[in-house]
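Observations on the three-dimensional arrangement
Each chain is listed here by its residues.
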Amino acid sequence: MIETLEHRVGKFEDDLSASDVLASIRARKADEDRAAADQLVLAARWADLHPPESIHHAATFTVPGCEHEEPVAGQGAPLVAEFCIAELGAVLGMSTTSAKKLIGHALELRHRLPRLWAQVQAGVVPAWRARSVAEATIHTTPALTVEAAGYVDAHVAAVAGRIGPAQLDRLVAETIRRFDLAAPDPTQDPEDGHLHVDPRHATLNDEDVDFGGTMHFDAVLGIADALDFNHAVAQDAAAQKALGSTESLDVRRSKALGNLARAQTALDLSSTPAPDGRAAGERAGVSTPDLPAAREVVIHAHFDASTVGETTVFGPTGRMEEGQRLVLLEQVQGWCADTHTKVTIKPVTDLTTELSAPGYEIPAWLREQIALRDGTCAYPWCTRPARRADVDHIIEYDHNAEAEGRDQPGPTTTSNLGCLCRSHHRLKTHSAWTYTMVAPGVFEWTSPHGHRYLRDRHGSVPLDGPGLVTGASAPPSTNEHADPPERP
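As the structure is a prediction and not an experimental result, all values here were calculated from the model. (Residues numbered from 1 in each chain as written. Predicted model: local features only at pLDDT ≥ 70, side-chain atom pairs only at ≥ 80, totals over all residues. Heavy atoms only, no water.)

This paragraph deals with the overall build of the protein. Secondary structure summary: the protein contains 16 helices and 18 strands in total. Scored against the burial criterion, the 488 residues of the protein give a buried share of 34%. Here the analysis covers contacts within the protein between residues at least 6 apart in sequence; of these, 57% occur between residues at least 24 apart. By element, 57% of the accessible surface of the protein is carried by carbon and sulfur atoms, the whole surface being about 28,300 Å². (Helix = DSSP H or I, 4+ residues; strand = E, 2+ residues; numbered from the N terminus. Buried < 20%, exposed > 50% of the residue type's maximum accessible area, 1.4 Å probe, protein only. Contact = heavy atoms within 4.5 Å. Areas by Shrake-Rupley, 256 points an atom, 1.4 Å probe, with all protein chains shown as cover.)

Attention now moves to the sheet that holds strand 16 (residues 452-456). Strands sit in the order 14-15-16-17 across an open sheet of four strands; the sheet is antiparallel. At either margin of the open sheet sits one strand with a lone partner, and together these are strand 14 (434-439) and strand 17 (459-462). Sheet twist, expressed as the average angle between the axes of neighbouring strands with direction ignored, equals 25°. Bridging between strand 14 and strand 15 (residues 442-446) involves five bridges; their strand directions are antiparallel. Within the sheet, the bridge partner assigned to methionine 437 lies in strand 15 and is phenylalanine 443. (Pairing = 2+ DSSP bridges. Axes fitted to C-alpha atoms, helices over the stretch in contact; angles between N-to-C directions.)

Attention now goes to the nonpolar core. Judged by nonpolar contacts, the single largest core of 37 residues is most densely connected at Leu40, Ile103, Leu107, Leu109, Leu116 and Val156. At the level of secondary structure, the elements contributing two or more residues to this core comprise helix 2 (18-48), helix 4 (84-92), helix 5 (96-112), helix 6 (114-121), helix 7 (127-138), helix 8 (146-157) and helix 9 (165-178). Excluding anything up to four places from it in sequence, isoleucine 103 contacts Ala43, Trp46, Ala47, Val72, Val80, Ile85 and Leu88. Of all hydrophobic cores here, the second largest spans 17 residues; its members include Cys421, Leu427, Tyr435 and Met437. (Core = buried A, V, L, I, M, F, W, Y, C linked by side-chain atoms within 4.5 Å.)

Closest axis-to-axis distance for the helix 2/helix 6 pair is 9 Å, and the angle between their directions is 135°. The orientation of helix 2 with respect to helix 6, classified from their angle, is oblique. Facing Arg34, Ala37, Leu40 and Val41 of helix 2, the residues of helix 6 in contact are Trp117, Val120 and Gln121. Of the residues assigned to the contact of helix 2 with helix 6, the class counts are five nonpolar, one polar and one charged. (Parallel < 35°, antiparallel > 145°, perpendicular 65-115°, else oblique. Nonpolar A, V, L, I, M, F, W, Y, C, P; charged D, E, K, R; others polar.)

Evaluated as defined, the whole model comprises 15 salt bridges. For the salt bridge of aspartate 33 with lysine 29, the shortest nitrogen-to-oxygen distance reads 2.7 Å. Placement of the pair is aspartate 33 and lysine 29 together in helix 2, with a separation of four residues, close to one helical turn. Here arginine 373 ties to aspartate 374 by a salt bridge, and the two come within 2.7 Å at their closest N and O atoms. Across the pair, exposure class does not vary: arginine 373 and aspartate 374 are buried alike. Put simply, Asp398, Glu404 and Arg406 are held in one network by salt bridges that share partners. (Salt bridge = Lys/Arg side-chain N within 4 Å of Asp/Glu carboxyl O.)

What follows is about unusual backbone geometry. Look at tryptophan 381: it is not a glycine, yet its phi comes out positive at around 65°. Position of tryptophan 381 relative to the elements: it lies in the loop between helix 15 (364-374) and strand 11 (390-393).

Attention now moves to helix 5. For helix 5, spanning 17 residues, the distance from its first C-alpha to its last is 23 Å, which sits close to the expected 24 Å at 1.5 Å a residue. Taken together, the buried positions of helix 5 are occupied by Thr96, Ala99, Leu102, Ile103, Gly104, His105, Ala106, Leu107, Glu108, Leu109 and Arg112. (Expected span 1.5 Å × (residues − 1).)

Using the criterion set out here, one finds eight aromatic pairs in the structure. With centroids separated by 4.2 Å and ring planes inclined at 10°, the aromatic side chains of tyrosine 435 and tryptophan 445 adopt a geometry described as stacked. Taken as a pair, tyrosine 435 in strand 14 and tryptophan 445 in strand 15 lie far apart in primary sequence, 10 residues in all. We classify tryptophan 445 as buried; its relative accessible area is 0%. (Phe/Tyr/Trp six-rings, centres within 6.5 Å; stacked < 30°, edge-to-face > 60°.)

A few words now on the state of the cysteines. This structure, assessed with the given rule, holds zero disulfides. Between cysteine 382, a cysteine without a disulfide, and cysteine 377, which holds the nearest cysteine sulfur, the sulfur-to-sulfur distance is 3.8 Å. Cysteine 419 takes part in no disulfide bond, and the closest cysteine sulfur to it belongs to cysteine 377, at a distance of 8.3 Å. For cysteine 419, a relative accessible area of 0% gives the class buried. (Disulfide = S-S within 2.5 Å.)

Take a look at the structure:
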């Protein structure tokens, strides 16, 4: 049995003073920082071992969709062979996107921010703080030249080990702003300089969904847009109160955002022709412009259901495909009460039934079963939704088998199909990665270096090394699901 620190502390906890605890936890924090710095070194070394020259010439230039050079850091940093990124991510138990960031930060620091890189390796600056600087210098607009990145490096490295993250963020932004790379903006005061990192954004943080059914939406707007937006929200909140709402101002302002989002559809309805051929606005004597159709947003929610007598009873909680999040039945009922919502109830789908289709093409009904079964891309630690993924023949379909009188080795059938996002579909097709289905929706992957991973709809685990497992449960066999709501 492996003895943990908790067990060791328990053996002599009466002898462990407050100073001992502080010294021990400080030492372990230093170990953590050292390990993070070493991880950056190893990530950079992994990139060194997989330059573009490592890609087979014929595969690079003659096979469509094959491996290509992958820019992961700024100008002056070396390129990396694309498919090597996925294997590093799998070994670390992270997504390919996260592995690309790790390699990119390592190369950015080593090649474009060498002072900061040296401070990380000397233990002066923690790796996470240096990576935040690298993230900023990689993604500036316009892109930083080698000289501009060096300017950032010199100014940040001078104080990076002595200031907090908030001050460091401001210093990075200020340094980037002062290093003028683009032509002057004639609309700005020359003494104000030119802001090269446009801070405007509107971001839905869907990684953290409250059980009450809320998400955090963050935005940075231009001054005029912000003032107009605030005025519209305030007006809507006041209108809700005038109509009898007893909710707090914050809740009414939050609901106003949804009302604003649905305003386009409301305008579309005003121009919808009635039986007499006139639009609603025309009947009211109001001129309405030709408006583009609002884009519908479709949410797929899945609930378990049971039959009580002749009544179908849904469970109180279900799963929302978008973001793979918990959703409450009462929330869906609230959405359905909205007049702009279209609800579609689909029948029970048995996810373990073996369905087959003739030929290579995958019909919609079979694609639906595979998407419901897999939930996301079947590659380890990938969370891209299955509905937007390709459906892959695990054993390759042989287009010549029938003409040559041979059995089809890769039939279009449930047990030979898996959902793969386009990136990992290319990885499986054009690299040494292989996978098999060991149970419905349960996949075993083997990397080019022989590492094995098990992936089912609940997540991914390694089959060798730390976290060794001996098996995994298959997903449920049936799925009652509703598709609410289609709303603007």
